[in-house]
Amino acid sequence: MASLTASGLSRLLGEWNVGATPGYRELADVVRLLVLDGRVALDTALPSERALSETLGVSRTMVTAAYGLLREQGFLTGGQGSRSRTRIPRLTPAGTTLFTGPVRNDPALTAPGLAAPEGLIDLAYASLPASGEVVHRAFAAALTELPALLPGFGYDAIGLLPLREAVAARYTAAGAPTTAGQILVTSGAQHALNIILRALAGRQDRVLVEHPSYPNALDAIRAAGCRPVPVAFSGGTGAGIHGAHGRAAQTWDMDAVQAALQQQRPRLAYVVPDFHNPTGQLMPDLQRRQLVRAAAAAGTVLVVDETLRELNLDGAGTAPVAAFSPAVVTIGSLSKSHWGGLRIGWIRASEDLVQRFAAARTSLDLGGPLMEQLDAAHLVRALDEPLPARIAALRDSRAALLELLAGHLPEWETAYPAGGLSAWCRLPAPISTALTVIAPDFGIRLAAGPRFGIGGAFERYLRVPFTLPPEKLEAAVLALRSAQDRLDAAPQLRRSLKNAPAVAIA
Ligand SMILES: Cc1ncc(COP(=O)(O)O)c(C=O)c1O
């Protein structure tokens, strides 16, 4: 059985207590979210009430009350004399008696990194299978090239030259002239962000983030001890793809971004301008220009994550942000264009910064695996080959999802995603966590909206990926409809799962 120390839980709790009057409910709410989104695995022993109250600097009564509430809601078991252990409540089939059923002790429902168990449609992940035969072919070619590398030590903190050259050539062709010396190969985009944080940010440094943002990036920023500075999107309402029920595309609120940069002068700004995760929005050229100018004026290093850049579903081309300023640090990856299983990404920056990143990475790893890099060099050169089929399939699935949502969940509002892998839906009530808890009972797995924000925001939002084929999406949307009907029919269920911890958003 896993267990969590008081300091471990305190780290995960993050900013739970930044609100005006944090109380036991807020503490319970945040612990519940950690269990729901898998950051605390099921059947984990929580720290004792005494240890946690000492570490958090709050009264023992507060922790006792929070644990009591979680036990009442079905998220904790044990206690009296033994350590409280995490669990997930289960509804009775009628959905009227709350949190009294047996433990759904299925680690795959919450453990990060594991796919949904068989039979469950996974809407928590926005990822695709490998792009097909081209990956296999590239590995076959790599195998014939491997012997040439075997006499060397194999440690390479910057990355194999042919891969760096291939990546640099793509940036040059896209309008951002780049040398191989400006590319550092990483084990994916997430690794790239961790290297950048390690090299450029210190504890307590501010990092501007879009709000919502990619959850694992928010986790990395928090884990580095930095303080995220969230800037909301501006979301106009009006006729979107859903017609009368639609919601015009949300877009970057550049005034708010500029104000946050100017007033807070964050050390870094982390943005996803190309088919932003989770909203699927594309930042127009004018805003790209404004962004680099405002970051430069504030002395902020702009970190641009282009992991989803190739998934451009409507064909409107934009230049990479790096084309607007040599100071931009760009993250790229093959995870979405080809396959997450490759674990190949990169950082594009000035040659000086690349050397700093290479030095910083040695505390994380000593270089990337060479077979994968040989393979990736072929894939980057042939990047355009599998993309048309991938994009056509995603376009079909996007159209199917938007139509299904409009037909079956007309009270949901969905911003039209110009690309990427997911739509960001506004729910008619703050029920995202409640939907996520009951979703497995309807055959689906969800990621609750608050996972994409800071301090419990986005309880009114749900990310719905369109990575599944249309038939599966239909089953998924019907399941979402049934889950919402269950909540509509059981207001007490909604109340007991109501999240929205009263935590201020910085
Ligand atoms: C915006 C963004 N950044 C980074 C990642 C992680 O990418 P990688 O698999 O290359 O680490 C993802 C994956 O979904 C993503 O959407």
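That block above? That's the structure.
To keep things clear, this report deals only with the structure shown in the data block.

So, how was this worked out
Residues numbered from 1 in each chain as written. Predicted model: local features only at pLDDT ≥ 70, side-chain atom pairs only at ≥ 80, totals over all residues. Heavy atoms only, no water. Helix = DSSP H or I, 4+ residues; strand = E, 2+ residues; numbered from the N terminus. Expected span 1.5 Å × (residues − 1). Buried < 20%, exposed > 50% of the residue type's maximum accessible area, 1.4 Å probe, protein only. Arc of directions from axis to C-beta. Contact = heavy atoms within 4.5 Å. Salt bridge = Lys/Arg side-chain N within 4 Å of Asp/Glu carboxyl O.

Further remarks concern helix H5 (residues 133-145). Relative to the 18 Å expected for 13 residues at 1.5 Å per residue, H5 spans 19 Å between its end C-alpha atoms, a close match to the ideal helical length. Those residues of H5 that fall on the buried side of the exposure criterion are Val-134, Val-135, Ala-138 and Ala-142. Taken around the axis of H5, the buried residues stretch over an arc of 100 degrees, which confines them to a single face. Seen from the buried face of H5, the exposed residues on the opposite side, beyond 90 degrees, are Glu-133, His-136, Leu-143 and Thr-144. Each element contacted by the buried residues of H5 is listed here: helix H12 (370-381).

By the definition in use, this model includes 16 salt bridges. Ionic pairing is found between Asp-43 and Arg-85, a salt bridge with its closest N-O pair at 2.7 Å. Taken together, the positions of Asp-43 in the loop between helix H2 (24-36) and helix H3 (49-56) and Arg-85 in strand E2 (residues 85-86) put the pair 42 residues apart, joining distant regions of the chain. For Arg-85, a relative accessible area of 28% puts it in the partly exposed group. Residue Asp-274 pairs with Arg-309 through a salt bridge whose shortest N-O separation is 2.9 Å. In this pair, Asp-274 is assigned in the loop between strand E8 (268-271) and helix H10 (285-298) and Arg-309 in the loop between strand E9 (301-305) and strand E10 (329-333), connecting sequence segments 35 residues apart. Residue classification places Asp-274 among the buried residues on the basis of a relative accessible area of 1%. Among the charged side chains, a network of salt bridges with common partners joins Glu-133, Arg-137 and Glu-385.

Moving on, we get to the environment of Ala-358. In this structure, Ala-358 sits in helix H11 (residues 351-361). On the basis of relative accessibility, which here comes to 9%, the residue Ala-358 falls in the buried class. Separated by 174 residues in sequence, Ala-358 and Leu-184 have C-alpha atoms that sit 7.3 Å apart.

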